[in-house]
Structure formats: C-alpha cells, structure tokens
Amino acid sequence: MGVGIQVEHLNAWYGANHTLMDITLHIPANEATALIGPSGCGKSTFVRCINRMHETNPIARVTGTVRIGELDIYADVSPVEVRRRIGMVFQRPNPFPTMSIYDNVASGLRLNGFRNRRVLDEVVERSLIQAALWDEVKDDLKKKSGASLSGGQQQRLCIARALAVDPEVLLMDEPASALDPIATGAIEDLIHSLKGRFTIVIVTHNMQQAARVADMTAFFSISKGGEGERWGELVEYTTTETIFTNPADKRTEDYVTGRFG
Amino acid sequence: MPSRYQPSALHRFRRIAANQLASALAIASTVIVVAPLVAIFAYLLFKGASSLNLAFFTQTPKPVGEPGGGMANAIVGSGILLALASAIGVPIGIGGGIYLAEFGRGTRLANFIRFTADVLNGVPSIVMGIAIYALVVLPQKHFSAFAGGVALGIMMVPTITRTTEEMLLMVPHSVREAALGLGVPNWRSVLSITLKTASPGVITGCMLAFARVAGETAPLLFTALGNEFWSTSLGEPIAALPLQIYVYAISPYNEWHRLAWAGALVLILLIVLSVALVRYVTTRGVLKGTA
C-alpha cells in the first residue's frame, strides 16, 4: 500500500540556479497527484527530490525535509534505500537494452541480490499484469529484448519494472510525452487502475491528462527576481476539479485557460 | 502539376553525378583498405602452406641441417604468453576504463591516468621490452615466460582502458538513471548494467589489444627470450611464434625460411581463430531486437 508524502520547505539548486523555492506540499496516500506548469518551473526537479535522484547530478543541492510516511528520506536512510521504496518512470522509455523482457522486470530484485526463481516468476507475471502488458508479451518473455517493443510497450515495461520491487510511491516524469495518443491512453488507464494501491505523482505538460488522471493537482510557476534570477515555486495546490474550474490564483487561471504557457 | 521548386535538368544531372562520384570513391577506398589484407594473406598462404604438415604442429625445432621439425613449442609458448598477458591486461584495462568513465570523471587523477594511457599506447614495444627486462628479468636474474607475459599484458592495458572508457561513455544516461531509480547501488549498476550494455564494444577493445600483442616480437626479445626446446614453465625462457619467425627469417637457411613463412601463416590463423571464437561465444546469448 502507498504512503503519503510530506514535503516541507524544499529548496533545490543546480549550481547557482535556484530551481525550486521553498516548496511545502502534502501529497495524499493512494491517490494520483499531478504536477503541472510551464517548462522550467521545476516540476521535474521536484519529483527527482522525492526519490533523491536530484543529487545524482554533481552540481545539484537540496535543503528542506521530505517525509515518506514516517520516514525522513534526507535524514534517516541512504538514497539507495529511498529509491528502492519509491519507483520512478522516466520521460523516455528506458528499458535495459541488453536484457530480455523478463530480465528487465526482474532486474530490480535481481540486482539487489534476490534469486528465488519461483518468486521471480510470480513477481514478473504480477507486475506485467499490473502494467497491462502481460497479454502482449507473455509468449516472448525470455526471447525478446526489452528494446524490441514499441515505445508504448516499452514504457509499460518500465512501469512493470518499477512495480516489481513493490514500491510505496510511483513517480512518473511526463511518462506519456514521447508516446502517441493510443499509447498515452493505455498509460492513463493504467494510472487509474494503479492508484488506490500506490501513491502516484505524475508530472505532465498536458493539462487534459492531469484532468483525466489526477485527484489532486499542483500548479508550479516561474517567478522572476530583480536581477534576472528566476526560480520555480508552487502557486496553488488543491483538488484537480478546483484547479481547472475555480482556481484561486490569477496565474493558475491564466495557465489552465491557455492564456499563458 | 509539377512542383514550383522542380530542379533544373542541369542541377539534377550534377546531383546524380556527385552521388555516383561519391559512391565510386567510397568503393575505391574500401578496395584500397582491404586489398593489402587480402594480398598479405594470399602471399602467406602461397609461401607457407606448402611447409605446413603434422610435424609442424607436433615437433620442436630440429638443429640446422636436419630436415623436418616444427614449432609446437612456439605455438604452445605463444598460447601461454597470451593467456598470461590477457589475465593481466584485461582486468586492469577494464578496471581502468571503468574508473575513467564512471568514478573519476573530471578528476585530476583520471586526467593523469588517461594521459598516461595515451602515452603508454605510443611507447615503442622494444622500449616496453627493455623496461620489463630492467624491472623483472634483472632482479630475477633470468629470462622467463612470466616476464614476457607481463610485458605483453602491460602493452594491452592502454588500448583496453581507452576503449572501455569510450564504450561506457556511449551508454545512454537514461539507462544509468533507470538502474539508480530502482534502488540499485551505484557500483552494482556500473558492473551489471552499464558495463553489460557496453560489453560488445569492450570485448572488441580486448580483442584488438590481444591481436596486437599476439604478433609482438620486440617486447619478448629481452623477456621471454625464446627457447628451442619444450618448456611450459613460467619461470623458464619460453618459445613464441613471433620470436621463432624472427630467428628463422633472418637465418641463412632455406629450410628455416620456409618454416618462418609457415609460422607466420599459423600465427595469423590462430589470431583470426581466437578472435572469431570469442565473438561467437560472446554473441551467442544475444536476444532478438537488442539495440
């Protein structure tokens, strides 16, 4: 089951660039939360701070606290442990190119030293079923490379790979932006079927997508300072319905009605 | 209705001509590159094949004047030297490449190592032989297969290190992120994901280095020395095909010249064979549709 995410006073930098300014955001457990906003507003950086991928960039820096359930991820545990509990799906499908479909899904467990064949078989089947890919690949599990699938299938394979380690949270960084409309629809259906069991945070450029899949929506925007500095900040965070029908902030309204961004 | 941007007849002719000229140049270059290879191999076959017989592969050299004899000791000796060289050169070379690409990127130590590797790559092989003579042979007070293997192994390192680094850097960042995102420790991700993804290129680098040192004579002159008799001991001087070819080729005897040709042919065949074998073994398990 998923857990909630408590983000308090989060600041992030890339070198001298202050990418995220003082974000405080409480993401509910077992729901889908969308992050929307113009390019460069820091929404991708924000999700990368939740599983500590941000700090894999040597010039990146972060302050503030992020709690996953009871766990303070910047104080209590190692980044490796954090990422084991928080799955991530990236913008472009990135299956391991030399591995079979089966090995791709099993990789998270195997690379952490898990070897029981029978359990791996079960996990691979369960994960592929959850990712709505099982019927399409069950005959080629060990015969075909993950890279031989279509883009949409590859992305669902990556989702299955993330689900296989049984995460509590699933982060999705524009998971459908490289896909055609039909594959996008499949991913969105998948998000619907997964929420309830996992806490899902999805970054999207596509407002209709946020409206279709998310229970809560956060709108990020870019603010500019006097001397040319710019940073991303959270403008408004409420139910998806409110964001799109009755936003409190003028900037949100401009964005969702298409006047800006 | 034809497009308004239809090219003129002259322009079209020029384009077709340029295209054909480029194709012709490419084909000509290919021929120029491949021709010497084919020529060398054909000439070796022509000069060496007639002296190849069972005795060549089973007997040790006979004294001057006695007919027959073979290079069995040199074939086995080359095998031992190359096995030892690979055991030293491949792990150190790959390890160095991993350090340069994954852990030391941008550090001064890495830049220093990269520079050293490039210089080492350009060091004449005879200098390598003298260096190992001073470092290994002199302290031990005798020539040995061990010293020869070390000399060849060190010569393999820079090539393998640099190709491993290049190949690792070609692995897309997204693949590394995928592994890290699964909660895989970095060292594990480097070994099981990045290196595995880059393995075809890394293996090519190892094979290049192997093929290069397999034909080296100079570094063996003051290290392995050569041996007219059977020896498989690492502590004794050992025969090697390139050394034997060298000795026979500069001798004044016709019989030895013929054996030298045969030895050269066998050396090339063995290199081709071992490279093909490694290729076969390492590509057997590759899946359909692997990018």
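Computed from a predicted model, the values in this text were never measured in an experiment. (Residues numbered from 1 in each chain as written. Chains lettered and ligands numbered in written order. Predicted model: local features only at pLDDT ≥ 70, side-chain atom pairs only at ≥ 80, totals over all residues. Heavy atoms only, no water.)

**Comments concerning the overall build of chain A**
And step 1. A count of helical and extended segments in chain A gives ten helices and ten strands.
And step 2. Expressed as lengths along the three principal axes of its C-alpha atoms, the size of chain A is roughly 60 × 40 × 30 Å.
And step 3. Here chain A, with 261 residues, has 56% of them falling under the buried criterion.
And step 4. A total of about 10800 Å² of accessible surface is found on chain A, and carbon and sulfur atoms cover 49% of it.
And step 5. One finds the centroid of the 28 positive side-chain charges in chain A at a distance of 7 Å from the centroid of its 32 negative side-chain charges. (Helix = DSSP H or I, 4+ residues; strand = E, 2+ residues; numbered from the N terminus. Buried < 20%, exposed > 50% of the residue type's maximum accessible area, 1.4 Å probe, protein only. Areas by Shrake-Rupley, 256 points an atom, 1.4 Å probe, with all protein chains shown as cover. Lys, Arg positive; Asp, Glu negative; His and termini not counted. Charge placed at Lys NZ, Arg CZ, Asp CG, Glu CD.)

**A look at the interface of chain A and chain B**
And step 1. Residue-level contacts link 29 residues of chain A with 21 residues of chain B.
And step 2. The contact between chain A and chain B buries some 2200 Å² in all, and 65% of this surface belongs to carbon and sulfur atoms.
And step 3. Contact with chain B buries area across many residues of chain A, yet A:Phe96, A:Thr98 and A:Leu111 alone supply 28% of it, more than any other trio.
And step 4. There are one salt bridge connecting chain A and chain B.
And step 5. Between A:Arg48 and B:Glu177 there is a salt bridge, with the nearest N and O atoms lying 2.6 Å from each other.
And step 6. Linking chain A with chain B are three residue pairs in polar contact (both at pLDDT 80 or more). (Contact = heavy atoms within 4.5 Å. Buried area = accessible area lost by both parts, 1.4 Å probe. Salt bridge = Lys/Arg side-chain N within 4 Å of Asp/Glu carboxyl O. Polar contact = N/O pair within 3.5 Å; in protein donor to acceptor, adjacent residues only side chain to side chain.)

**Description of the environment of B:Val275**
All names here are of chain B.
And step 1. The residue Val275 is located in helix α12 (residues 254–283) in this model.
And step 2. A relative accessible area of 24% means that Val275 is categorised as partly exposed.
And step 3. For the pair Val275 and Cys206, spaced 69 residues apart in sequence, the C-alpha to C-alpha distance is 9.6 Å.

**A closer look at the layout of surface pockets**
And step 1. Of the voids in this model, the second largest pocket is the one considered here, and its volume is about 390 Å³.
And step 2. What lines the second largest pocket is a set of 15 residues, among which A:Thr56, B:Arg105, B:His173, B:Arg176 and B:Leu180 lie closest to the centre.
And step 3. Of all the elements in the fold, those that place two or more residues in the lining of the second largest pocket are α7 (173–181) and α8 (186–197) of chain B.
And step 4. Counted by class, the lining of the second largest pocket contains four nonpolar, six polar and five charged residues. (1 Å grid on protein atoms, 1.4 Å probe; cavity = no way out; pocket = protein on both sides within 12 Å on 5 of 7 lines; lining within 4 Å. Points joined across faces, edges and corners; volume = space filled by probe spheres on them. Nonpolar A, V, L, I, M, F, W, Y, C, P; charged D, E, K, R; others polar.)

**Focus: the packing of helix α3 (residues 101–110) of chain A against helix α4 (residues 117–130) of chain A**
Angle between the axes and distance between the axes are the two parameters that describe a pair of packed helices.
Residues and elements named next belong to chain A.
And step 1. At a closest axis distance of 9 Å, the pairing of α3 and α4 adopts a crossing angle of 115°. Our classification of the angle between α3 and α4 gives roughly perpendicular. Of the two elements, α3 crosses α4, and the hand of that crossing is right-handed. Each of Ile101, Tyr102, Val105, Ala106, Leu109 and Arg110 in α3 lies in contact with α4, whose residues at this interface are Arg117, Leu120, Asp121, Val123, Val124, Ser127 and Leu128.
And step 2. Taken together, the residues of the contact of α3 with α4 break down into nine nonpolar, one polar and three charged. (Axes fitted to C-alpha atoms, helices over the stretch in contact; angles between N-to-C directions. Parallel < 35°, antiparallel > 145°, perpendicular 65-115°, else oblique. Left-handed = near helix turned anticlockwise from the far one by under 90°.)

**Focus: the nonpolar core**
And step 1. Counting residues in each nonpolar core, the largest one holds 56 residues, and the members touching the most others are A:Phe96 and B:Leu81.
And step 2. If you list the elements that add at least two residues to this core, you get α3 (72–103), α6 (145–170), α7, α8, α9 (199–214), α11 (241–249) and α12 of chain B.
And step 3. Looking at this core element by element, the count peaks at nine residues for α12(B).
And step 4. Of all hydrophobic cores here, the second largest spans 47 residues; its members include A:Leu120, A:Leu157, A:Leu194 and A:Met207. (Core = buried A, V, L, I, M, F, W, Y, C linked by side-chain atoms within 4.5 Å.)

**A few points about the pairing of strand β2 (residues 17–27) of chain A**
Residues and elements named next belong to chain A.
And step 1. Two strands pair when backbone bridges link them, and strand β1 (residues 5–14) and β2 are joined in this way by seven bridges, in the antiparallel orientation. In the sheet register, Leu10 faces β2, and the bridge partner there is Ile23.
And step 2. The turn joining β1 and β2, which pair antiparallel and follow one another in sequence, is formed by two residues; a positive phi near 55° is taken by Gly15. (Pairing = 2+ DSSP bridges.)

**Focus on α9(B)**
Residue and element names in this part refer to chain B.
And step 1. Taking 1.5 Å of rise per residue, 16 residues should cover 22 Å, and α9 covers 22 Å from first to last C-alpha, within 8% of that figure.
And step 2. Taken together, the buried positions of α9 are occupied by Gly201, Val202, Gly205, Cys206, Met207, Ala209, Phe210, Val213 and Ala214.
And step 3. Among the structural elements, α3, α6, α8, α11 and α12 are those in contact with the buried residues of α9. (Expected span 1.5 Å × (residues − 1).)

**Some details on the side chain of B:Asn227**
Residues and elements named next belong to chain B.
And step 1. With respect to the element layout, Asn227 can be found in the loop between α10 (218–221) and α11.
And step 2. Within the local environment of Asn227, its side chain forms a polar contact with the backbone oxygen of Pro237, the two atoms lying 2.9 Å apart.
And step 3. Leave out the neighbours within four places in its chain, and Asn227 touches Asn73, Pro237, Ile238, Ala239 and Gln244.

**Thoughts on the domain arrangement of chain B**
Residue and element names in this part refer to chain B.
And step 1. Entries for chain B in the domain assignment read domain 1 (9–51) and domain 2 (58–283).
And step 2. Computed over C-alpha atoms, the centres of domain 1 and domain 2 are 31 Å apart.
And step 3. In this complex, domain 1 contributes eight residues to the contact, which on the side of domain 2 involves seven residues.
And step 4. At the boundary of domain 1 with domain 2, total buried surface from both sides reaches about 740 Å², with 86% on carbon and sulfur atoms.
And step 5. The largest per-residue losses of area from domain 1 upon contact with domain 2 belong to Phe41, Leu44 and Ser51, which jointly make up 60% of the total buried on that side.
And step 6. Inspection of the domain 1/domain 2 interface yields zero salt bridges.
And step 7. At the boundary of domain 1 with domain 2, the tally comes to zero residue pairs in polar contact (both at pLDDT 80 or more). (Domains from an automatic or database assignment.)

**Considering α3(A)**
Residue and element names in this part refer to chain A.
And step 1. Among the ten residues of α3, eight are classified as buried, and the element is accordingly described as predominantly covered.
And step 2. Burial in α3 covers these residues: Ile101, Tyr102, Asn104, Val105, Ala106, Ser107, Gly108 and Leu109.
And step 3. Turning to α3, the residues buried within the fold contact α4, α5 (134–137) and α6 (151–164).

**Re the side chain of A:Asn30**
All names here are of chain A.
And step 1. With respect to the helices, strands and loops of the structure, Asn30 is situated in the loop between β2 and β3 (32–36).
And step 2. A polar contact is formed between the side chain of Asn30 and the backbone nitrogen of Gly2, at a distance of 2.8 Å.
And step 3. Other than its neighbours up to four places away in sequence, Asn30 contacts Met1, Gly2, Lys195, Gly196, Arg197, Phe198 and Thr199.

**Some thoughts on the packing of helix α1 (residues 9–48) of chain B against α12(B)**
All names here are of chain B.
And step 1. Look at α1 against α12: their axes get within 8 Å of each other, and the N-to-C directions meet at 135°. The angle between α1 and α12 places the two elements in the oblique class. You can see that α1 and α12 cross each other, and the crossing is left-handed. Note on element contacts: α12 touches α1 through Trp261, Ala262, Ala264, Leu265, Ile268 and Leu269, opposite Phe41, Tyr43, Leu44, Leu45, Lys47 and Gly48.
And step 2. Its residues assigned to classes, the contact of α1 with α12 comprises ten nonpolar, one polar and one charged.

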